[in-house]
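Residue-level structural notes
This is what each chain is made of:
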Amino acid sequence: MVSTPRNLREILGAVTKYELGGPLLALALLVAASSALSPRFLEPYNQRILLLQTAPLALIALGESMIILMGSIDLSPGSTMALAGVVSAAAFRVYGFQLHASLAIGALVGLAVGAVNGLLVTKARIPSFVATLASLVAGRGLVLVLTEGQPIVGLSQYRVLTIELVGVPVMVWLFILFGAINYVLLKRTSVGLLTYAIGGNEEAVRYSGVRVDIVKLVNFSLAGGYYAIAGLMMNARLEVAYPWTGWGYELDAIASCVLGGIMLSGGVGNPLGPVVGAYMLTLLTNVLILLGVNPYLQWVVKGVVLVTAAVALTRGVRYVK
Amino acid sequence: MFKLSSEIVLSTKGIVKEFPGVVALKGVDFDLRQSEIHSVVGQNGAGKSTLVKILSGVYTPTRGEIFVRGVRVRIRNVRDAKKLGITLVHQEATLVPNLSVAENIALALYGVRGTVFARAKEKELLELARNYLELVKLRIDPRSKVRDLGVGERQLVQIARAIAENADIICLDEPTSPLTSMEAKVLFEVMEELRKKGKSMVFITHRVEEVFQIANRVTVLRDGVKVFTEDVSKTSPYEVIKHMLGKELEEFYPPRVEAKSLSRVSPRLRVVSLTTASNGKGVKLEGVSFDVYPGEILGVVGLLGSGKTELGKALVGAQRVVSGEIYVNGVKATIKSPVDALKLGIFYIPEDRRREGLVTQLTISDNIVLPKVFKTSSMSLIRQAQVERSIAGRWIKSLRIVPSDPSFKVANLSGGNQQKVVIAKSLETGAKILILDEPTFGIDIGTKVEIRKLIRSLASEGYSIVLLTSDVDEALALSDRILVIASGRVTNVMENRNLSREILISMLGGQVG
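Residues numbered from 1 in each chain as written. Chains lettered and ligands numbered in written order. Predicted model: local features only at pLDDT ≥ 70, side-chain atom pairs only at ≥ 80, totals over all residues.

Tallying secondary structure elements over chain A gives twelve helices and four strands in all. Its C-alpha atoms give chain A principal-axis dimensions of roughly 65 × 55 × 35 Å. When the 321 residues of chain A are sorted by exposure, 49% land in the buried category. (Helix = DSSP H or I, 4+ residues; strand = E, 2+ residues; numbered from the N terminus. Buried ≥ 20, exposed ≤ 12 C-beta atoms within 10 Å, placed from the backbone.)

Structure, rendered in structure tokens:
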């Protein structure tokens, strides 16, 4: 970077000063590179698919970011979304609930799983990594027990989530809506302030006489609700509830947060970062497919990008655990 | 002038260590003789630990020179130091708890010899470990796990490890602070034995009486400056403590305002024989009792390790209490957490602001409203920027926090202004019983005076204040009554009337821990 002209360096410096500056800059570069590499990238059809693919990931990344901002971690998104999707589909197809009731049931399942995670962390005092690892495993187990490993088909009515509204699919409106809700929640509410504060210095918050445990419980539950919505989106997109939906998504959720500039140590990051991160991660896959890159190699590319983002984030941090 | 005599094994010249925002050492000349126990004492933050960490390669000095046996050396890391025969026995044990004693000693050897992949025969290892344990008079099975050992035994294992590393110069960073007096006695015997065998030791402690039990020479550090070095036989505990506390600050203390004759009718806070659990770390409080009345400042004076921080934390439920009672306004209180304490109007303002008092990446305003944010938000949820700004603005004005921008990040404030933010936060909660732990520690003199005046004026407004301090002058300037605490016990309680500094100092130092 020594030969970089002064002006450019100053511009870069100014951009990266804002929490969201770095991720947005990376996104702009990725979009520019992608459209140069593949002319089909910018076609409306491709962009529509891209956004549809981003929506569920964006939702779980938003949920995950609330947990990471608190200085904890959540490994349960993938299983929670599958469980919510499957229970909702079963309610609809097997038990004959109305569509809107089935959707609500799915969301409640997510909130419940999140609440269990929260209770395990605050009451049973289990580190979040372990508590949510248990949910990851047990949640998937429940899904397989409920479905006996078979997909639940015939969910064409879930299409309400994929139909277009003012030229944009409802799902995409949903992720924009939840992005906005998360922004307001984290930046404009008491729970948001305490979320950042707990991630920044939990000890100080405890000495301030704040009920830290309640904040944690609320955040874990809400995050569970977000994962559930992602699960319902998957039902809508595929019109089938697969028992293996969301397999490995927890890692994509965490990766989206990292790409979006959420510090894994907690307390730092813009609430909209995860949306940007989720879009970048989906875009990367999309472009690699358009370019016909070996699908196995795509994993490697994602890994390299993630490391690059992490290095950019942890500059100046002395120890990382 | 600086002369190297043959008997000096280690010396430093003009050691300066700067940390971001703080100068921990301001040009320290120090020397250690062959077969000597050289004690380094000083208040919290005087730079004692920094000095031995530089000698042992944990930190590198910003400026200054180090000589080992007259030869100038560069110590860039712990390995360099160990090669020169210098080892640090850390304040917190640096042993691996889940490995056996023998394995821990072996680890040290690998570190020095660079044979990470050396094959260790268990029998040899055990034999080796037994030899070194013998040297520190520790009769334990070398196969026992370190996690099952007591604190005192761990210290001795660390020393055994240092000897195994062939260290001639052993730095001990407050080895006695977690020990009982019996354990400390054993440690001293071992140290004396090692001294006779030709080892040299730098011994850091905050208990002055220990200097006179074991050390040959003593050096006093204050605010990063060496203020005193003398043979122990030529000085007295009183002189050492006087140097530790410093004198020139006196003129800055506000003249003591005689509190309006307090009407001590019913105590707002009554503590009856409070006893805490001993968890290996920190000091165990035993049978601490006192009353604090409305409008009163109770100065709790004790040196580092006396138990005053533990007392503060126990009062807000952050330290486990095993027996004793706390009454607030005559009603028996159950305090299990700071949440319970705040409901009763008790707020603890910690000594370590950055670790326990503030969320430094948040703004001044965020930190001040933090405990109350549910109340200032509409429907407990939606934050009211206007309300928050006006609350923060009011405190910024009345406590004169600089800069006056409520959205300024706390990380970038000076120590004094950070402390004001913590005080603002505590006052905003509406708590009437404030427990201030070293409220002026590490703060520049001007702000120190301001904060002291503030504490006095809070008392005259009717707040009850428990002032935990190791600063004798601060206690004398502010308190209505003074309680002296040492080794977790109250040793004296008295009215602050015609009390002389000298008498109070002698009470602190006269205690045998």
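Past the structure itself, the notes keep going.
This part is about the pairing of strand β7 (residues 169-173) of chain B. Residues and elements named next belong to chain B. Most of β7 sits inside the fold, with five of its five residues counted as buried. In terms of strand pairing, strand β6 (residues 86-89) meets β7 through four bridges, oriented parallel. Across the sheet, Ile86 pairs through a bridge with Ile169, a residue of β7. For β7 and strand β8 (residues 200-204), the ladder comprises five bridges, and the chain directions are parallel. In the sheet register, Ile169 faces β8, and the bridge partner there is Ser200. As a crossover connection, the stretch from β7 through helix α6 (residues 181-196) into β8 is right-handed. (Pairing = 2+ DSSP bridges. Right-handed = clockwise from strand over helix to strand, strands pointing away.)

Core analysis: the largest hydrophobic core is formed by 226 residues, its most contacted members being Leu59 of chain A together with Ala160 and Leu467 of chain B. Looking at which domains feed residues into this core, each of domain 1 (8-245) and domain 2 (266-510) of chain B supplies at least three. Sequence-distant contacts of Leu467 of chain B, defined by excluding residues within four places in its chain, comprise Ile297, Leu298, Gly299, Val300, Leu436, Ile455, Ala475, Leu478 and Ser479 of chain B. (Core = buried A, V, L, I, M, F, W, Y, C linked by C-beta atoms within 7 Å. Domains from an automatic or database assignment. Contact = placed C-beta atoms within 7 Å.)

Residues and elements named next belong to chain A. Summarising the element assignment, Ala255 is placed in helix α10 (residues 249-259). Owing to 23 C-beta atoms within 10 Å, Ala255 belongs among the buried residues under this scheme. Residues Ala255 and Gly277, spaced 22 residues apart in sequence, show a C-alpha to C-alpha distance of 7.6 Å. Discounting chain neighbours no more than four positions away, the residues touching Ala255 are Leu281 and Leu306.

Residues and elements named next belong to chain B. With mixed pairing, six strands are arranged side by side in an open sheet as β16-β17-β18-β13-β19-β20. One side of each edge strand has no neighbouring strand; the edge strands of this open sheet are β16 (346-349) and β20 (489-495). The mean angle between the axes of side-by-side strands here comes to 15°, regardless of whether they run parallel or antiparallel. In this sheet, strand β19 (residues 481-486) lies alongside strand β13 (residues 297-301) in parallel orientation, the contact comprising four bridges. Looking across to β19, one finds that Val300 is bridged to Leu483. (Axes fitted to C-alpha atoms, helices over the stretch in contact; angles between N-to-C directions.)

Residue and element names in this part refer to chain B. Read across the open sheet, the four strands follow the order β12-β11-β14-β15; overall the sheet is antiparallel. Of all the strands in the sheet, the pair left with one neighbour each is β12 (288-292) and β15 (331-333). The mean inter-strand angle of the sheet, taken between neighbouring strand axes irrespective of direction, is 20°. The sheet contact formed by strand β11 (residues 269-276) and β12 spans four bridges and is antiparallel. The partner of Val271 across the bridge, within β12, is Phe290. The strands touched by helix α9 (residues 308-315) are β11, β12 and β14 (321-328); relative to β11, the strand with the most contacts, the crossing angle is about 115°.

What follows concerns the interface of chain B and chain A. At the junction of the two partners, chain B supplies 27 residues and chain A supplies 21 residues. Elements with a minimum of two residues in the side of chain B that touches chain A: α10 (338-343), β16, α11 (353-357) and α13 (373-376) of chain B. With four residues, α10 of chain B is the largest single contributor of residues to the side of chain B that touches chain A. Tallied by class, the residues present in the side of chain B that touches chain A amount to 17 nonpolar, five polar and five charged. (Nonpolar A, V, L, I, M, F, W, Y, C, P; charged D, E, K, R; others polar.)

On to the pairing of strand β10 (residues 225-231) of chain B, then. Residues and elements named next belong to chain B. Sheet topology note: the strand β9 (residues 217-222)/β10 ladder contains six bridges and is antiparallel. In the sheet register, Leu221 faces β10, and the bridge partner there is Lys226. From the end of β9 to the start of β10, which pair antiparallel, there are two residues, and Asp223 there has a positive phi angle of about 50°.

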